[in-house]
Every structure is written in structure tokens, then in C-alpha cells.
Amino acid sequence: MTTDKTQFLEQLNHVQREAAVYSDGPLLIIAGAGSGKTRVLTYRVAYLVKFCGVSPWDVLALTFTNKAAGEMKDRIQDLIGIPSRDMMIGTFHSMCARILRREIEALGYSSKFSIYDESDANRLIAQCLDEEGFDRRTYHPRAIKAAISRAKSEMADPDTLGGLASNITEEITAQVYRRYQERLRENSAVDFDDLLLLTVNIMELYPDVLEKYRQRFKHVLVDEYQDTNAVQYHLVKLVAEKHGNLTVVGDDDQGIYSWRGADIRNILEFEQDFPKAHVIKLEQNYRSTQTILRAANAVIMRNAGRKEKTLWTDNPEGELVRCYQAADEHGEAAMVAVETRRLVEEEERSFSDTAVFYRTHAQSRVLEEALIRLGVPYRIFGGTRFYERQEIKDIVAYLRVIANPSDEVSLRRIINVPTRGIGKTTLGHVERYARDYGISLMNALREVKEIPGLSARAVESVGGFLKMIDGLVMFMDEHDIEALIKEVWDRSGYMRELEAERTLEADARIENLQELLGVVEDFKVEYGSVSLDDFLERVSLVGDTDEMEEEGGYVSLMSLHNAKGLEFPVVFMTGMEEGIFPHIRSMEDPTGLEEERRLCYVGMTRACEALYVSHAECRSLWGGVSANPVSRFLTELPGEYLKETIPEEGVAVEPGEELDLVPGDVVSHAKWGRGTVLELVEKDNDSEVVVEFPALGTKRLLLCYAPLKKLEK
Ligand code: ATP
Ligand code: MG
């Protein structure tokens, strides 16, 4: 036992060890990137369970992405040596969803509530705008949604928001907010912000409920505490204040969510909130080379409002940060692709060692194209995620209606998908009837024969639809979820329609639907049996970085925001240009700019061994072309850490990947930029192409090796 413990603690340095074994009471670990904060958190949980007799059931460990939560769970499990199923390790949102499943009826919602994601919520907002008689072209649903979301993250209800309104837009927002909340409740649905807010509401309204969770969660631990917003802060405080066994870890230099209501003061004022708090600082970075760490420090140093800290590392000096200047975004993307291949072919890296970051999702398309062109396997995190694809959302909407017939957003989505003769006019009549009689849309459908103005065919179609749904509800009672999903495909006619289409796109959609069964399978492996509610909850909660698989073999593409907490041996930071990064919206505002700089620091400190930064002289993005100056973050990086580089030529590309070019085609070359194809020379093995580049003249290139991309004329 003792040697076991000694061995266990040897995995930590002495300051980390102090934090891991610290007795009960509030504990704050504040430290720079890569210093082992997350590691300490996992060791502390394992230590409590393994050596202090704490039951896994008593532990609540919270973080921000499912990916990070999954990793934490795995690590703790490995350290303890037994499955951690009993332990509540997850994101704030998943914890709240679980609490609400048990408690939400107190607020008048059904325990089978649906969780609406951003696009569901936006649709409902649009509907509320219509109902209130506001033009959705003047008041954009997304903008209204964002304002409501901010209000919720500050725990302001519609009345509070209305009271604070100082102009007509704010008044309208408050009015839509009120209706939106009513509609959500009628649909027995919650949005992401509600998951947190309603949990806090219940705990504040019902002391016995609060007491129950205080009793249960005897040890609360929070990672990335710098990014908590008011609701999250409140929630943690409610649960942990009484016993005070609260460990929070974070880095004020990595706060990147203030635009979503995160408040850095939560970490800076922890010692005021918990006067008995013990504070531990970690100063050794275990992740990055000396060079990467110094370069990142040089950038973050420019921020005025920060706590000074020293971060050092024993790691090797490492290579210089490589800086690439490309002619345009295609050149930049080709550089990333060519260099990634070179690392694999010449430096024994694997594709999974590499991550490519960008400031906005829109930048990913061109990068993807270049990677495809050079045969580099990649995965994209964020952007149009698996769960946001139309076919997945359609089938999930069916499942939601089966689980929760009051879910009108889902019902509307599928009522005529595939087309079954319940068009807009019919639906309009049914809706009016529902409103007139104050009943739900589903109940109005059941009274379809009473509804004036409907054709006999429409009545029949509605009857058919209800029969299908009722049949599926009965089916659900006796079958597992995989069978249910397949039954939905069949009975709805959804699969048949896709199969009949016989296009590549339809085939891709079918594959995606098959993949949905894979999701169920994964879920079963992880949690044992799954109910429909569990499944829907998981589908609604998977965040941006969640689809990342453990086994390697592909390059990871993601936005800088999604990269938080992760680490990769090789990192490319692209689009280092004024207006892109720092983002145009934040450039003029000093606080916004400091947040951008922290984001840059987060990006740089993800890299363990090699860091690339790149920019393009000229870039097409968001439908326009601009020549952006180099990002100020690059100029803040001292020249001694930088190495200007040009992309390597002649990286081997799989044969058979040749572009189908004809004279006159416009192409983009990784190094030389845009050019025009003059001639193609067919040879036995390697076709040659002659390209004219405006600034360089004509070049003869081997088609299968040249980093070329065909552009639209
Ligand atoms: P971030 O601020 O980016 O979230 P962090 O402070 O949470 O970083 P970790 O991810 O916990 O840092 O640790 C960074 C890396 O250093 C990990 O690979 C971790 O396993 C390793 N590491 C941390 N401490 C030690 C140690 N004492 N011995 C060996 N490796 C360590
Ligand atoms: Mg961490």
C-alpha cells in the first residue's frame, strides 16, 4: 500500500504532489499552459478514491468539452484501476442535463424534455419573431438568440432584460425572449443555456433538492475555471460552498470565452469567495520546447491586465518557430499539406501528430481541399458536424417526437419529410386550430377531422402520419434503440427515398445514417444499455471536439477555440493576418484585442515540438478579396525565435492524383501563387504541365508532384 502510494505520487513534481494530496477545503491552482493542471486534477481525484476512502460516487469533476471530459475519465480510470462509471465526470452541460432529468418536473417541464441545439433554437426564435409580428430580416434570429443567450448566461430573465432595455432593439429582444421561453416550455424543450440556468433555478427554489446534491457531491473539482460564466460560477458555489471541498484549476492567460459571458474575475477573486482557500502555483511546463514556450510568453507579455507569472521548462531547446508567407490562401493551404506529408515521409511523424488551427471555420474549406489533393487524411472538428447534417437531424427529430410528442420544433421538421402531402397550407390550418383552442400541435393533428378548410386528402395524410408515429411509439416499448432507428428509416420512407435517388450525395447521406448506428454502438460500449432519452441527450450534447477518435492516422483541423486543453507534437497556426487574427471585430477594442492575444497564446502553447505560423499576402474570405497586413501577434514574436521558410518542392504525391487540366485553366501553386496553364505534355509516367505565372514567367512542372490546385475560371 505504501509503496503503491509512493509510486503513484512519484508521477508528480513536488508542487503538483502538494496539490494532489491537499486536505479538504478550497484549493486554487493557478498556472500557465502545460504545467500539469489537468494532470493534477486527475491525480487528485484518483488519490482521494484510492488512498483516502472517498467513494467515486461522491466526486463531481467538471470541464468544458466532452473530449476533455472523456480524457479525464479515461485517465482517472487508469489511475484507479476500476471503471469510473459511478463518478460524475463531465461537462457542465452534461451534468446539468442529468440533474434536470430527475428534477425538472418541479418547474413544470416534462422529464422527457428535448435539448435544442443552436439551429433548433434559431428556428424557434424565428417563429417567435413571426408570432410577435417582427420582421426577421430586420431583427436577425441569430442576433436575437445571441442576446438572449448572453442574458441567460448572466442569469437575467425576460423581465430583468426588459427593465434594462435602453433602445427599441433591446425591448424587442426582451419581448421575443419572453415568448421564446413560453414556447420552449410548451414544447418541453430547453436550450443549452437553460440546462445551466434551470438547474440553478431549481436549486435556489427548492432547498431540499440543493441539499441532496450537496450531500452527494462531497468533492467538487473544476478544470479551465477561467472560462466559467456567471451561471456556472453560481452553480459551483451553490453545490460546494457549504462543505468547501472545491478544487479549481485555471490560467488567467487562457480565458477565451468572455464573448460568451465567461468572467475572468471568477478565478481572480476565488480567494475572496473562499477566504480559507489555499493557493498553489505551478511553474514548470512539461509540454513544449524552450523555444515555443519563450515565443508564446513573448506574445502574452504584451497584455496589460494580467498577473505576471514565470513559466519555465526542462525540455530541449527545440526548433525555431517556422513562418511561412504564401501568395494567397491556396498557397498557404498547399504549404500545410505539403509540409504535413514531408513530416510523415521524412521525419517519421504520423498524421495524427499534427493539428491545423484557424480563427474562423470558414477558413477550413480551402485547407481541406489542399489536404485532399495531396492525399493527407484529416478530420475536421467543429463546423458542419456530423450531428448538424440534415439527414442526422431529420432522424433525430423523429426520435425526439417519439420520446416527447410536445416537441413542436422537431414535429414541424419531420411532418412532411419525406413529402407526404402535409404542406404549408395544411400545417397553417392545423396551427391556427391549435392556437385557437390552446392545444398542442400534436393534439390538434389528432383532431384533424374537426379542422375547417382541410381537403380530404390532407386529412388522410395526417391520419397516416399519426398512425406511423403511434406505431413507432409502440415499437419503442419493445425494442432497443438500434431497431427503433431502422424502423424509423423504414416506416417514414426516409431511407427508401434516399436509395431511390442514386446520387453520390444520397449515398453519403445513407452512410451517415449508418454511422448513427455506430454512435449507438459506441455509446453502449461506454455506458452499458441505453434508453432513448440517454441517447438523445448524448446526441444533443456532443460538442465541437467530440468526434475525435483515439486511434490516430489523421491530421486534426479545428478552430483555435476548440483547441483549448489539447496538445499536439506539431501545430500549424494559419491565417496570421490583421483582420483574420486578430479578428476584425475585436481589433479596435482593447479588451477584445487582449482576448485575441490570449487565444494566440492558447494556440501556440498547444504545440509540443514544432510550431508553424503562416499568413497570406492576399486572401479571399467571406465573399471578398483582401490584402491583409501580417498579424501583429507575429510581429510581437521576437525574430530570434523565428525562421522564415518557403515550402519544400517536389513532395511525392500518390500517383493517380493528377489534376484534370486543359490549357487555359487557372491554377494556384503553393509557392508561386496563381498561374495559367499553357500546355500539357503527356509522357509515359509523368505528365508535365507548363504554367505561366504573372510575376515569374513560364514554368515546366511535373504534374503529379507539383503543389498545384485548379481554380475556378
Ligand atoms: P493547459 O493549460 O494547456 O490546459 P495543463 O496545465 O492542464 O495545460 P496538462 O495537460 O495537465 O497541463 O499537462 C501538460 C503535459 O505535461 C501533459 O502531457 C502531461 O502529461 C505532462 N506532465 C505534466 N506534469 C508532468 C510531470 N510531473 N511529469 C511528467 N509529465 C507531466
Ligand atoms: Mg489543462
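All values derive from a computational prediction rather than experimental measurement.

(A) Looking closely at the overall build of the protein chain. When you go through the protein chain residue by residue, the secondary structure sums to 28 helices and 23 strands. Radius of gyration (C-alpha) of the protein chain: 28 Å, near the 27 Å computed for a compact globule of 713 residues. Along the first, second and third principal axes, the C-alpha set of the protein chain runs to 75 × 70 × 55 Å. Relative to all contacts within the protein chain whose residues are 6 or more apart in sequence, the contacts with residues 24 or more apart total 74%.

(B) The arrangement of the site of ligand 1 in detail. Neighbouring residues of ligand 1: 19 residues in total, closest K37, T38, Q254, E567 and R606. One of the backbone nitrogen or oxygen atoms of R39 is found 2.9 Å away from an oxygen atom of ligand 1. Within the contact set of ligand 1, an oxygen atom lies 2.6 Å away from a side-chain nitrogen or oxygen of E567. Alone, ligand 1 offers 640 Å² of accessible surface; in the complex the protein occludes 84% of this.

(C) Layout of the side chain of T313. Tracing the backbone through its elements, the reader meets T313 in strand β10 (residues 312-313). The buried category is assigned to T313, whose relative accessible area is 6%. There is a polar contact of 2.7 Å between the side chain of T313 and the backbone oxygen of N285. Filtering out sequence-adjacent residues up to four positions away, T313 remains in contact with N285, S288, T289, Q290 and L293.

(D) Focus on the sheet that holds strand β8 (residues 278-282). Judged by pairing direction, the sheet is parallel, and its six strands sit side by side in the order β3-β2-β6-β7-β1-β8 without closing on themselves. This sheet does not close on itself; its edge strands, each paired only once, are β3 (88-91) and β8. The mean inter-strand angle of the sheet, taken between neighbouring strand axes irrespective of direction, is 15 degrees. Bridge count between strand β6 (residues 219-222) and strand β7 (residues 246-250): three bridges; the pairing is parallel. When the bridges of β7 are listed, V220 appears paired with L246.

(E) Fine view of the side chain of S461. You can see S461 is positioned in helix α22 (residues 456-478). Discounting residues that sit within four places of it in the chain, S461 has contacts with R420, G421 and I422.

(F) Region of the structure containing the sheet that holds strand β21 (residues 688-693). Read across the sheet, five strands follow the order β22-β21-β20-β19-β23 without closing on themselves; strand pairing throughout is antiparallel. The open sheet is flanked by β22 (697-702) and β23 (708-711), the only strands paired with a single partner. The average angle at which neighbouring strand axes cross in this sheet is 40 degrees, direction not considered.

(G) Spatial organisation of the pattern of salt bridges. Using the criterion set out here, one finds 49 salt bridges in the structure. Among the salt bridges present, the one from K309 reaches D251, with a minimum N-O distance of 2.9 Å. Of this pair, K309 sits in the loop between α15 (290-300) and β10 while D251 is found in the loop between β7 and α13 (265-268), placing the two residues 58 residues apart along the sequence. With a shortest N-O distance of 3.5 Å, R322 and E339 are connected by a salt bridge. Residue R322 is found in strand β11 (residues 321-328), and its partner E339 is found in helix α16 (residues 329-346); the two are separated by 17 residues along the sequence.

(H) Seen up close, the packing of helix α5 (residues 92-103) against helix α12 (residues 230-240). For the pair α5 and α12, the least separation of the axes is 12 Å and the interaxial angle reads 60 degrees. It follows that α5 is oblique to α12 by the angle criterion. Considering how the two elements wind past one another, α5 and α12 form a crossing that is left-handed. Of the residues in α12, those touching α5 at F92, M95 and C96 are Q232, L235 and V236. Partitioning the contact of α5 with α12 into residue classes produces five nonpolar, one polar and no charged.

(I) Molecular detail of the nonpolar core. Membership of the largest hydrophobic core comes to 52 residues, with the highest contact counts inside it found for L445, F465, I485 and F535. In terms of residue count, helix α18 (residues 390-403) provides more of this core than any other element does, nine residues in total. With residues up to four places along the chain from it excluded, the contact list for F465 reads L411, I414, I415, R420, I422 and L445. Counting residues in hydrophobic clusters, the runner-up holds 46 residues, among them M88, M95, V222 and V236.

(J) Seen up close, helix α10 (residues 192-205). In this model α10 runs 20 Å from its N-terminal to its C-terminal C-alpha over 14 residues, within 8% of the 20 Å that 1.5 Å per residue would give. Across the 14 residues of α10, ten count as buried, placing the element largely inside the fold. Here α10 has its buried residues at D193, D194, L195, L196, L197, L198, T199, V200, I202 and M203. Between the side-chain oxygen at the start of α10 and the backbone nitrogen of D193 there is a gap of 3.2 Å, and the oxygen is on D191.

About the thresholds
- Numbers given to residues run from 1 along each chain, matching the order in which its sequence is written.
- Going through the entries in the order they are written, you letter the chains from A and number the ligands from 1.
- Only residues with pLDDT of at least 70 are given local features in this predicted model, and only at 80 or more are side-chain atom pairs given and counted; all residues enter the totals for whole chains, interfaces and linings.
- The side-chain quantities take in all heavy atoms of the structure and omit both hydrogens and water.
- By definition, any uninterrupted DSSP run of H or I lasting at least four residues is a helix, any uninterrupted run of E lasting at least two residues is a strand, and each is numbered from the N terminus.
- As a reference, a globule follows 2.2 Å times the number of residues to the power 0.38, and the radius of gyration itself is taken over C-alpha atoms.
- We call two residues in contact when some of their heavy atoms are within 4.5 Å.
- Proximity is defined per residue: any heavy atom of the residue falling within 4 Å of a molecule or strand makes that residue near it.
- Polar contact is the term for a pair of N or O atoms within 3.5 Å; when the atoms are in protein, one must be able to donate a hydrogen and the other to accept it, and sequence-neighboring residues count only if both atoms are side-chain atoms.
- Accessible surface area values rest on a Shrake-Rupley calculation with a 1.4 Å probe, where residue burial reflects the displayed protein chains alone.
- Partly exposed describes any residue whose relative accessible area lies between the buried limit of under 20% and the exposed limit of over 50%, with all areas from a 1.4 Å probe on protein chains only and scaled to the type maximum.
- Note on pairing: DSSP must find at least two bridges between two strands before they are called paired.
- The convention used is that axes are lines fitted to C-alpha atoms, helices contributing only their stretch in contact, and that angles between N-to-C directions extend from 0 to 180 degrees.
- The rule for a salt bridge is simple: a side-chain nitrogen of Lys or Arg has to be within 4 Å of a carboxyl oxygen of Asp or Glu.
- Here the word oblique covers every angle except those under 35 degrees (roughly parallel), over 145 (roughly antiparallel) and from 65 to 115 (roughly perpendicular).
- In this scheme, a crossing is called left-handed if the near helix is turned counterclockwise away from the far one by less than a right angle; it is called right-handed if the turn is clockwise.
- Note that Gly is not counted as nonpolar here; it falls among the polar residues with everything else outside the nonpolar set of Ala, Val, Leu, Ile, Met, Phe, Trp, Tyr, Cys and Pro and the charged set of Asp, Glu, Lys and Arg.
- Think of a nonpolar core as a cluster: buried Ala, Val, Leu, Ile, Met, Phe, Trp, Tyr and Cys residues, connected wherever their side-chain atoms sit within 4.5 Å.
- A helix is expected to span 1.5 Å multiplied by its residue count minus one.

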